[in-house]
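Below, each chain spelled out in residue letters.
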Amino acid sequence: MSRAAKPWPTECPICGNPLSIGPLQLPGDAACPKCAHVLWFSVRSDGGITVADVISGKIATNQDIVRTSQAFISRGNPPLVILNLSGVQLVSSSFIAGLIALNKRMRDAQGRLVLCDLTPVVRETLAGAKLDRILSIAETESDAVAALLAPPST
């Protein structure tokens, strides 16, 4: 199964500023010139669900998670978010900590977060840390949409 490369965002997913990113910048190394958000994902909407296509396994800081979660929360009430990780080959401990923090912020806002399209290495990493017990994980993006549209389990 081949993984399609995710397109660069054309606007900042946090502040909406139009972006012009040069081809020599690596994912996770480019930042929005207006708000300084590290561009680790692009965002799109799918029927009231925010889909974030992660383009690198790098999250800048805790402040970035706060801004990201605020942006997701402002897009929906309650926020329904899918993180498509098909473009991520490896995850760092700071990325995993960011996922946990983002998941908590979504729950605190009465929202839901589902991860999907994990590579085998990323899936094994999360399972090995027993994070598959606290993070919602779906095989495909369509499975993630179905999970978010289903009533939440209590």
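First, a word on scope: everything that follows refers to the structure included in this document. Going along each chain's sequence as written, the residues are numbered from 1 onward. Reporting of local features is limited, given that this is a predicted model, to residues whose pLDDT is at least 70; pairs of side-chain atoms are given and counted only at 80 or more, and all residues count toward the totals for whole chains, interfaces and linings. By convention in this description, side-chain values take in all heavy atoms of the structure and omit both hydrogens and water.

Things to note about the pairing of strand β4 (residues 112-116)
Consideration 1: Categorising residues by exposure relies on relative accessible area from a 1.4 Å probe, with only protein chains included: less than 20% of the type maximum marks a residue as buried, more than 50% marks it as exposed, and the intermediate range marks it as partly exposed. Put simply, DSSP marks the helices as runs of H or I at least four residues long and the strands as runs of E at least two long, and each gets a number from the N terminus on. Across the five residues of β4, four count as buried, placing the element largely inside the fold.
Consideration 2: When DSSP locates at least two bridges between a pair of strands, those strands are taken to pair. Alignment of strand β3 (residues 80-84) against β4, held across five bridges, turns out to be parallel. Paired with Leu-83 across the strands is Leu-115, a residue of β4.
Consideration 3: For a crossover, the right-handed case is the one in which the path from the first strand over the helix to the second runs clockwise, viewed with the strands pointing away from the viewer. Note on the crossover from β3 through helix α2 (residues 93-108) to β4: the handedness is right-handed.
Consideration 4: Looking at chain direction, β4 and strand β5 (residues 136-138) are connected through three bridges and run parallel. The residue of β5 that forms the bridge with Leu-115 is Ile-137.
Consideration 5: Note on the crossover from β4 through helix α3 (residues 120-128) to β5: the handedness is right-handed.

Points about α2
Since the α-helix advances by 3.6 residues per turn, residues separated by three or four positions end up pointing in the same direction.
Consideration 1: For a helix, the expected span equals 1.5 Å multiplied by the number of residues minus one. Compared with the 22 Å implied by 1.5 Å per residue over 16 residues, the 23 Å span of α2 between its first and last C-alpha is a close match.
Consideration 2: Those residues of α2 lying buried are Phe-95, Ile-96, Gly-98, Leu-99, Leu-102, Asn-103 and Met-106. An end-on view of α2 places all buried positions within 155° of arc, on one side of the element. Those residues of α2 that are exposed and aimed more than 90 degrees away from the buried face are Ser-93 and Asp-108. Directions pointing from the helix axis toward each C-beta atom define the arc.

What is shown is where atoms sit, not what they do.
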